[in-house]
Amino acid sequence: MTYSIIKQQYPEIHDCMKEIMGRAGRLAGEVDWVLAALRVAKTVAPWDNAKEWEVIGRPGPDFVSQWKVDGEEGVRKAFLKMIPLDNGTGMLEAALKHVREALSYDASSHPEGLPAILLGRLPRELVDVLILFAVKMNRAEGWPEKHRAMLRALFRRPFVI
């Protein structure tokens, strides 16, 4: 429902998301990526007098329906930086690429990484946090090895889906 409201306000977002997913790879579905982008936007540009649980929670239909009238304009602007509607490269696409690069398995260069089938099954809440990490890092060249090692450490114990 939340994504439907966003698509009503920004009809071009669906095509933008298809482009982003085509360039960055698929780790989750379109709806999850849009809601993750909005959740990250809420944390990097919180609105005045917001309670912590309002900022960190996944956005719902009420939030999106009112984000132009209740002072959440900064969140909307941050969201549009995450997913630029002109099909340009935004923060979400860069974050997705960095997360995939940091966690993906490669026999020769990254043997402690996760296989692609597991990357596609990460819980959406974890993916939201990984995207937030990537956005907060704000690095065009990706994550340094020490940060990649920290991310991989999250998965050293048996991972149950």
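Residues numbered from 1 in each chain as written. Predicted model: local features only at pLDDT ≥ 70, side-chain atom pairs only at ≥ 80, totals over all residues. Heavy atoms only, no water.

1. Considerations on helix α1 (residues 2-9)
Link 1 in the chain: Buried within α1 are the following residues: Thr2, Tyr3, Ile5 and Ile6. Looking down the long axis of α1, one finds its buried residues gathered within 160° of arc, a one-sided arrangement.
Link 2 in the chain: For α1, the elements touching its buried residues are α2 (13-24), α3 (30-44), α5 (61-66) and α6 (73-82). (Buried < 20%, exposed > 50% of the residue type's maximum accessible area, 1.4 Å probe, protein only. Helix = DSSP H or I, 4+ residues; strand = E, 2+ residues; numbered from the N terminus. Arc of directions from axis to C-beta. Contact = heavy atoms within 4.5 Å.)

2. Thoughts on a nonpolar patch on the surface
Link 1 in the chain: Together, Val129, Phe133 and Met150 make up an exposed nonpolar region whose accessible area comes to about 240 Å².
Link 2 in the chain: Tracing the chain through its elements places Val129 in helix α9 (residues 124-137). (Patch = residues over 30% accessible without salt bridge, like charges linked within 9 Å, V, L, I, M, F, W, Y side chains within 5 Å. Areas by Shrake-Rupley, 256 points an atom, 1.4 Å probe, with all protein chains shown as cover. Salt bridge = Lys/Arg side-chain N within 4 Å of Asp/Glu carboxyl O.)

3. Section: the confidence of the model for the protein
Residues shown with low pLDDT carry predicted positions that ought not to be read at fine detail.
Link 1 in the chain: With 86% of its residues at a pLDDT of 70 or more, the protein has an overall mean of 80.
Link 2 in the chain: Mean pLDDT across the elements of the protein bottoms out in helix α10 (residues 145-153) (71) and peaks in α1 (90). (pLDDT = per-residue confidence, 0-100.)

4. Brief notes about the side chain of Ser104
Link 1 in the chain: Within the secondary structure layout, Ser104 lies in the loop between α7 (91-103) and α8 (116-119).
Link 2 in the chain: Here the side chain of Ser104 touches Arg100 through a polar contact of 2.6 Å, landing on its backbone oxygen.
Link 3 in the chain: Those residues in contact with Ser104, other than ones at most four positions away along the chain, are His110, Gly113, Leu114 and Leu119. (Polar contact = N/O pair within 3.5 Å; in protein donor to acceptor, adjacent residues only side chain to side chain.)

5. Here we look at the environment of Lys81
Link 1 in the chain: Counting through the fold element by element, Lys81 comes out in helix α6.
Link 2 in the chain: For the pair Lys81 and Ala37, spaced 44 residues apart in sequence, the C-alpha separation works out to 9.3 Å.
Link 3 in the chain: Excluding residues within four positions of it along the chain, Lys81 makes contact with Gly90 and Met91.

6. Here's the deal with the packing of α1 against α2
Link 1 in the chain: Where α1 meets α2, the axes come as close as 8 Å, and the angle between the chain directions of the two elements is 110°. On the basis of the axis angle, α1 is roughly perpendicular to α2. Between α1 and α2, the contacting residues are Tyr3, Ile6 and Lys7 on the first element and Ile13, His14 and Met17 on the second. (Axes fitted to C-alpha atoms, helices over the stretch in contact; angles between N-to-C directions. Parallel < 35°, antiparallel > 145°, perpendicular 65-115°, else oblique.)

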